[in-house]
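# Structural overview for review
Okay, here's what each chain looks like letter by letter:
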Amino acid sequence: MARILPYRRPHPETQPRYLHSPYASTIKRAPAKPPVYLPQTLSEITGPSFPNVVTDIKATDLTRQHHGDPLGERIIVSGRVIDEDGRPLRQALIEIWQANAAGRYLHESDQHQAPLDPNFTGCGHALTDNEGKYRFVTVRPGAYPWGNHHNAWRPAHIHFSVFGPAFATRLVTQMYFSGDPLLPFDPIFNCTADEGARNRLISVFDWETTIPSQALGYRFDIVMSGREATPMER
Amino acid sequence: MSSNATTSQTIGPFFSIGMCRSIKQNLADANVSGERVNIEGRVLDGDRQPVPDAILEIWQANSHGKYAHPEDDQDKPREANFTGYGRIPTNIEGKFHFTTIKPGQVPDPDGKLQAPHIVVSVFARGLLRRLVTRIYFPDEPANDSDFALKLVEPSRRGTLIAKKVAGGVGVLEWNLILQGSDETVFFDCGL
């Protein structure tokens, strides 16, 4: 009989709980009952793959999706997608979305009084290479106000959606910037109890990927669940 | 080297900029084998208000009970035109719908067959992590012995089973209630 090799469960406190009342939208959306523990089966250790996704220059360079250049500070965001044992994950689909340099999203629900940029959509995608590496060119997103509490501002961030090898490893997260003065006050960034886990959402300024006279480099590595050491019979 | 998986964060309210490039609500192209089903429903919060900014991702086997994934080594046919993956947003009324085929059965941890099911990830503004649930099918004898359904207290199992819609051929209703006395059963199956 074939064997199931499950993916590891998250370490306690390194992932947010559903109810985090400082983030008001969790109050009516967090389930009240605890989730039912489910051993992983073939349904969970398999998952979608995206071999036919086109990752051309427009997909990975968010500054080249329109006729003109977007406003703002040009940045390179790159890193690796690896598992908890440090193994690179190849052909992992990454999707990103973000506000423009003024802190405005190209979205009808965003009514923030900051200008849209006709040369910036704020959407990109990439597949990791054989070493698990990815690279985007974009502009640094602005901070923006939101209605969570009085004088609430989200720190600058880029949303990341990542498909790992299996349904059990699916991850959506946000990348932040070091030194952002809003980080200590943001209920979404601070929703995770473990400080080390939280801080790994902050990208690191990187001379190695900085391009002289063009763009500053930021490195953001993404870690996906690794596998259990011992297989289960299925 | 070993480190913990990256911390999850909410998709927020503006995810359509990045995720709606690849909406997939019809998984059943004409040449895919199997019984076609249209599954529709609503996502509701703890006040029974619609959740207009949610997105579901589904994953399922083909009609033979085979996943389009290299680790499914069962001796069953693959179908080139069936990926088993869908991505379905809710609308302003919290409604969603998708078309697929009823999946075949796949093994449970003891090697017995699970009842046909679709696994679902739920993302939304206000969800700091995804929620994971399953959709089962009505009038399915295998539901009674399904290992995952048996992990759920009997009074709550119905939240996982889609219902027939009167007069709708091949139409099933399955609602997702995030919170409350009849809240949907969610599973802890990993991240």
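Whatever comes next refers back to the structure up there.
Presented here is a report on the structure given in the accompanying data block.

Here is what the cut-offs are and how they apply
- Residues numbered from 1 in each chain as written.
- Chains lettered and ligands numbered in written order.
- Predicted model: local features only at pLDDT ≥ 70, side-chain atom pairs only at ≥ 80, totals over all residues.
- Heavy atoms only, no water.
- 1 Å grid on protein atoms, 1.4 Å probe; cavity = no way out; pocket = protein on both sides within 12 Å on 5 of 7 lines; lining within 4 Å.
- Points joined across faces, edges and corners; volume = space filled by probe spheres on them.
- Contact = heavy atoms within 4.5 Å.
- Buried area = accessible area lost by both parts, 1.4 Å probe.
- Salt bridge = Lys/Arg side-chain N within 4 Å of Asp/Glu carboxyl O.
- Polar contact = N/O pair within 3.5 Å; in protein donor to acceptor, adjacent residues only side chain to side chain.
- Helix = DSSP H or I, 4+ residues; strand = E, 2+ residues; numbered from the N terminus.
- Nonpolar A, V, L, I, M, F, W, Y, C, P; charged D, E, K, R; others polar.
- Pairing = 2+ DSSP bridges.
- Axes fitted to C-alpha atoms, helices over the stretch in contact; angles between N-to-C directions.
- Buried < 20%, exposed > 50% of the residue type's maximum accessible area, 1.4 Å probe, protein only.

It is worth spelling out empty space enclosed by the protein at this point. Per the stated rule, a full pass over the model turns up five cavities of 30 Å³ or more. In this model, the largest cavity occupies a volume close to 80 Å³. As for the largest cavity, its lining consists of A:Pro48, A:Phe163, A:Gly164, A:Ala166, A:Phe167, A:Arg170, B:Glu57, B:Ile58, B:Tyr85 and B:Ser121.

We now examine the interface of chain A and chain B. Between chain A and chain B, the contact holds 86 residues from the first and 76 residues from the second. Of the roughly 6,900 Å² buried between chain A and chain B on both sides combined, carbon and sulfur atoms contribute 57%. Here chain A and chain B share eight salt bridges between them. Taking the shortest distance from any N to any O, the salt bridge between B:Asp47 and A:Lys28 comes out at 3.2 Å. On the surface where chain A and chain B come into contact, there are 45 residue pairs in polar contact (both at pLDDT 80 or more). Per element, the largest residue contribution to the side of chain A that touches chain B is five residues, and it comes from strand β10 (residues 171-177) of chain A. Of the residues assigned to the side of chain A that touches chain B, the class counts are 44 nonpolar, 24 polar and 18 charged. Bridge analysis of strand β2 (residues 36-37) of chain A against strand β10 (residues 187-188) of chain B gives two bridges, and the strand direction is parallel.

Residues and elements named next belong to chain B. An order of β3-β2-β5-β6 is seen for the four strands of this open sheet, with the pairing classed as antiparallel. Looking at the sheet topology across the chains shown, the edges are occupied by β3 (85-89) and β6 (131-136). Sheet twist, expressed as the average angle between the axes of neighbouring strands with direction ignored, equals 25 degrees. Two strands pair when backbone bridges link them, and strand β5 (residues 117-124) and β6 are joined in this way by six bridges, in the antiparallel orientation. Within the sheet, the bridge partner assigned to Ile118 lies in β6 and is Ile135.

All names here are of chain B. Per the stated rule, a full pass over the model turns up 24 salt bridges over all chains. For Asp53, the salt bridge is made with Arg125, and the minimal N-O distance between the two is 2.6 Å. Residue Asp53 is located in the loop between β1 (36-44) and β2 (54-59), and its partner Arg125 is located in the loop between β5 and β6; the two are separated by 72 residues in the primary sequence. Under the relative-accessibility criterion, Asp53 is labelled buried at 11%. In this structure Arg125 comes out as partly exposed when scored by relative accessible area, which is 26%. Arg87 is the partner of Glu57 in a salt bridge, and the nearest nitrogen-oxygen pair spans 3.0 Å. One end of the pair, Glu57, is in strand β2; the other, Arg87, is in strand β3, and 30 residues separate them in sequence. For the pair Glu57 and Arg87, a shared accessibility class is recorded, and that class is buried.

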